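So the chains spell out like this:
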Amino acid sequence: MGTKYQLGAKLGYPIQIRTPDLHAIRSISSCLKGTFEKIHGNLVQILEIVTQPEALEALVQYYDSPARCFTFTDFQMAPTLEEYERLLGLPLAESVSYFHQDQTPSWGTIARLLKVLGEEMTRVKRNRNGSEGLPRVYLEKRLDLFRVWEDWPAFMDTLRLLIYEILLFPQLEDYEDLIAVGEFLAMENRGENPTMAVLADTYYSLNQCDEQRRGVLRCCTPLLYLWLTAHLFQCKHRMACPVEDFKWSWILPMTKEEWVRKLDEASEKSIRWYPLWNEREHVIIQCEGYPNVLLLGTQGAINYNPELMVRQEGYPIITPPRGSLDTFRTTRAESVKGATKKLRSCGAFPEYRHWAEERETLEVEKLKVSLDKTKAERAHWKRKLEEVLEEIHHEKHLNIDITKKAQAEHDAQLRIGSCLKAADKEMCARRAECDQVAKEKERLEKILLDSQRREDEQREQFRQLQEKIHLLEEELARANLSNEHLKEQGRKSLLELVKTRTKAEKDEAQLKETIQGLREAVEGWKRRCQDIADNAQEQVNVATTETSFWKDRFFKLAWLTNQALKDIPRSLRAVEGMADFMKMPREIMSFLGLCRGLYDQIKARVALP
């Protein structure tokens, strides 16, 4: 009976196993085991199970969709309603089973459950893939707020709501849809048991992945992993709790290849068919004469055949299952009572083995027919491919000729283009040179205009300087006339100064020296002015080529003029310092005042406007 696995190993399809993030809820719920176990069975303990996704990826490859079971080398097995009842710790006899009716709770009910206003609920609700719900992070924030406020009833309700969404009915990652909320409210308000809905979602998701040959396993993966390990691994201690049984099995982490090898090596002798925690008196064998048991979950309705699973309840399988494996009826299930004190047998009778071998043979024949059909189609498409390749080969030769001609034209175009590029480059260089020459011409014209402007300014300054020199000569002429007049007055006053001859002679000598100095200064001024005029004329001739030289000469002339203007007042101060104003004649005083006024006029005229 290894046909299914061998085909699955060759034609295995990719399956995505989503393991929920339970770290935050584990740390909170670890302190609430006693409170949870009274109402919600083993949910808190299942949260502590670390699922290996590689195990479920390998297990899905063995799923037999028509038989609703996992077909291994020499046996078949699948999760049953009784096993999920014990795994979850929620007795079916003590409560009504949950039936999903496609009626989601109102947002007002959810707002009252989370103790928020309707406006806030309208703001935080989301719609992902056509499914309305709440983000997981929002519920975790409300959980933290209830813990801070010490509102423990609301805290417990929100925590159970998170567990139902993350663990039992996962649809979208980190998202609480209204279906999970409705199931929680059914458990909370009406005491409905979610076991059948959880098993139905498991079968429905397995069947959907097998039909599509891909997809995401959307079911309670920790529970399916717990069921697999409970039958695959032997526990040295006989534990009545399935979670404790799992912990004592000490399952080491394995890769997907190791899990495939483990499942391939499993046989009906190595499998643990009937664990201690699954011992019971009543088991489901049919539904009012029909072999299949109906399961209704949140994802859809599906069935499974309990007659194939009697070995998991401690009974041998004697005959093959009756009727079609795909038929189901929505009727109540019948049960059979067995003796728990007697030893149970999990063997298989020859009739069942013969049926399994025939079913395997039929499956192989179907696969052979499908393979022959595939080969015929492959041969047909191979001929089509050869014809197409021949046409492609013919077109390839034509394309080569066309490509050669096109390449020749392309090379010619490239040569012409390179010549045009070189000519364009030369024209650009010439244009750049013309632009550079035009810029240089504009720069020289600006320099010429600046030189002409500076030359005009220098000529104007020279003209003003000539006017000042002319005025200075006139002033010197008037000073000479005044000097002659003073000499005449001195001769007339010589007779009056006989008594004071000694002192007068001394003063006269000093005055003569001063006058002589003034004469010499005037003569020096004349010579200097002449030199300045000559130098200025030379500078005007040279100004067009060496403007800076003329400026230097002009500054020196200004300095000489200032020095001359400084010498006259120094001489006057010296004379005034040597004269005694109380004894000095009035004429001499008048002469000194006249000299002082003459100096002031010269200074005022020489000063720049």
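If you're wondering where the values come from, they're calculated on a predicted model, not measured in any experiment. Position numbers for residues start from 1 in each chain and track the written sequence from start to end. Per-residue local features are limited, in this predicted model, to residues with pLDDT of at least 70; the limit for side-chain atom pairs, both in listing and counting, is 80 or more; totals at the level of whole chains, interfaces and linings are taken over all residues. To get the side-chain values, take all heavy atoms of the structure and skip hydrogens and water.

Quick look at the overall build of the protein chain now. Counting its secondary structure elements, the protein chain contains 19 helices and twelve strands. Per-residue accessibility, obtained with a 1.4 Å probe over protein chains only, is compared with the maximum for each type, and a residue is labelled buried under 20%, exposed over 50%, and partly exposed between these values. In the protein chain, buried positions account for 39% of the 609 residues. The contact criterion used throughout is that any non-hydrogen atoms of two residues lie within 4.5 Å. Sequence-distant contacts, at least 24 apart, represent 77% of the contacts inside the protein chain between residues at least 6 apart. With residues, only the protein chains shown are counted as cover, and all accessible areas are computed by Shrake-Rupley using a 1.4 Å probe. Counting every atom, the protein chain has about 36,400 Å² of accessible surface; 55% of that belongs to carbon and sulfur. In this description a helix means any DSSP run of H or I spanning at least four residues, a strand means any run of E spanning at least two, and both kinds are numbered starting from the N terminus.

Take the pattern of salt bridges next. Within this document, salt bridges are pairs made up of a side-chain nitrogen of Lys or Arg and a carboxyl oxygen of Asp or Glu, the two lying within 4 Å of each other. In total, this model carries 22 salt bridges according to the counting rule given. Salt-bridge contacts for Asp210 lead to Arg213; the nearest nitrogen and oxygen are separated by 3.3 Å. For Arg213, a relative accessible area of 34% corresponds to the partly exposed category. A salt bridge links Arg453 to Asp450, with the shortest nitrogen-to-oxygen separation between them at 3.9 Å. Residue Arg453 and its partner Asp450 are located together in helix 16 (residues 350-492), separated by three residues, close to a single helical turn. Each of Arg136, Glu140 and Asp174 takes part in one network of salt bridges that share partners.

To continue, consider the nonpolar core. The definition of a nonpolar core used throughout is a set of buried Ala, Val, Leu, Ile, Met, Phe, Trp, Tyr and Cys residues joined through side-chain atoms within 4.5 Å. Ranked by size, the top nonpolar core spans 103 residues in total, and within it Met121, Leu168 and Leu295 carry the most contacts. Here this core gets eleven residues from one element, more than from any other, and that element is helix 10 (residues 152-168). Contact partners of Met121, with chain neighbours within four places excluded, come to Trp107, Ile110, Ala111, Leu114, Val116 and Leu134. One finds Val575, Leu592, Cys595 and Tyr599 within the second-largest nonpolar core, a separate group that totals ten residues.

Let us look at the confidence of the model for the protein chain. Low-confidence regions, as indicated by low pLDDT, have predicted coordinates that should not be scrutinised in detail. On average, the protein chain scores 78 in pLDDT, and the residues at 70 or more come to 83%. Per-element averaging of pLDDT across the protein chain places helix 1 (residues 3-10) at the bottom with 37 and helix 5 (residues 53-60) at the top with 92. One number per residue, pLDDT, summarises how confident the predictor is, and it ranges from 0 to 100. When the criterion is pLDDT under 50, residues 1-11 qualifies, and its contacts beyond four places in sequence or with other chains add up to 26 contacts. Low pLDDT (under 50) marks residues 326-343, which in the prediction has 43 contacts with non-local residues, meaning those over four places away or in another chain.

Turning our attention to unusual backbone geometry. The phi angle of most residues is negative, glycine excepted, and most peptide bonds adopt the trans form. Even without being glycine, Arg68 reaches a positive phi, approximately 55 degrees. By the element assignment, Arg68 lies in the loop between strand 2 (63-64) and strand 3 (69-71). Positive phi, close to 60 degrees, is recorded for Glu150, a residue that is not glycine. Here Glu150 lies in the loop between helix 9 (136-149) and helix 10.

Now for the sheet that holds strand 3. Each strand in a sheet pairs with another by means of backbone hydrogen bonds, the pair being arranged parallel or else antiparallel. Overall, antiparallel pairing links the three strands, which are arranged 2-3-4 in an open sheet. Edge positions in the sheet fall to strand 2 and strand 4 (76-77), since each has one partner strand and no second. Strand pairing is defined by DSSP finding a minimum of two bridges between the two strands.

Patches here: salt-bridge-free residues with over 30% relative accessible area, like charges joined within 9 Å, nonpolar side chains (Val, Leu, Ile, Met, Phe, Trp, Tyr) joined within 5 Å. On the surface, Leu385, Val388, Leu389 and Ile392 cluster together to form a nonpolar patch covering roughly 350 Å² of accessible area. A relative accessible area of 47% places Leu385 in the partly exposed class.

Positive residues here are Lys and Arg, negative ones are Asp and Glu, while His and the chain termini are left out of the count. Charge positions come from single atoms, namely NZ of Lys, CZ of Arg, CG of Asp or CD of Glu. On the surface, Glu386, Glu387, Glu390, Glu391 and Glu395 cluster together into a patch of negative charge. Relative to the elements of secondary structure, Glu390 occurs in helix 16.

Looking now at the packing of helix 13 (residues 221-232) against helix 15 (residues 256-265). Axis lines are fitted through C-alpha atoms, for helices just across the contact stretch, and the angle between N-to-C directions can take any value from 0 to 180 degrees. Their axes nearest at 12 Å, the elements helix 13 and helix 15 cross at an angle of 50 degrees. Classed by the angle they form, the pair helix 13 and helix 15 counts as oblique. The two elements helix 13 and helix 15 cross, and the hand of that crossing is left-handed. Counting all contacts with helix 13, which are made through Tyr225, Leu228 and Leu232, the residues of helix 15 involved are Trp259, Lys262 and Leu263. Note on residue classes: Ala, Val, Leu, Ile, Met, Phe, Trp, Tyr, Cys and Pro are nonpolar, Asp, Glu, Lys and Arg are charged, and everything else, Gly too, is polar. Class assignment of the residues belonging to the contact of helix 13 with helix 15 gives a composition of five nonpolar, no polar and one charged. Throughout, the term roughly parallel applies to angles under 35 degrees, roughly antiparallel to angles over 145, roughly perpendicular to angles from 65 to 115, and oblique to all others. Here a crossing is called left-handed whenever its near helix is offset anticlockwise from the far helix by less than a right angle, and right-handed whenever the offset is clockwise.

The subject of this paragraph is the sheet that holds strand 6 (residues 131-135). In spatial order, the strands read 5-6-7; together these three strands make up an open sheet with antiparallel pairing. The two strands at the open ends of the sheet, each matched to only one other strand, are strand 5 (126-128) and strand 7 (175-177). Sheet twist, expressed as the average angle between the axes of neighbouring strands with direction ignored, equals 50 degrees. Alignment of strand 5 against strand 6, held across three bridges, turns out to be antiparallel. Pairing of Asn127 across the sheet is with Glu132, part of strand 6. With respect to the sheet, helix 11 (residues 178-190) is in contact with strand 6 and strand 7, its orientation differing from that of strand 7 by roughly 65 degrees.

Another point: the side chain of Asp157. Counting through the fold element by element, Asp157 comes out in helix 10. With relative accessibility at 16%, the residue Asp157 sits in the buried group. Those residues in contact with Asp157 that sit more than four places away from it in its chain are Leu113, Phe184 and Glu188.

Let us now look at the pairing of strand 10 (residues 293-296). Where strand 10 and strand 11 (residues 301-304) come together, four bridges link them in antiparallel fashion. Residue pairing for strand 11: Leu296 is matched across the bridge by Ala301. What sits between strand 10 and strand 11 in their antiparallel hairpin is a turn of four residues.

Where two aromatic rings form a pair, the distance of their centres and the angle of their planes describe that pair. Only rings of Phe, Tyr and Trp enter the pairing, Trp through its six-membered ring, and a pair is recorded when the two centres are within 6.5 Å. The plane angle decides the type: under 30 degrees is stacked, over 60 is edge-to-face, the rest tilted. Following the criterion strictly, the structure yields twelve aromatic pairs and no others. Considering the side-chain rings of Phe146 and Trp149, the 6.1 Å spacing of their centres and the 70 degrees angle between planes classify their relative orientation as edge-to-face. A residue pair is termed a helical-turn pair when its members lie 3 or 4 positions apart in one helix, as Phe146 and Trp149 do in helix 9 at three residues. The class for Phe146 is buried, based on a relative accessible area of 0%.

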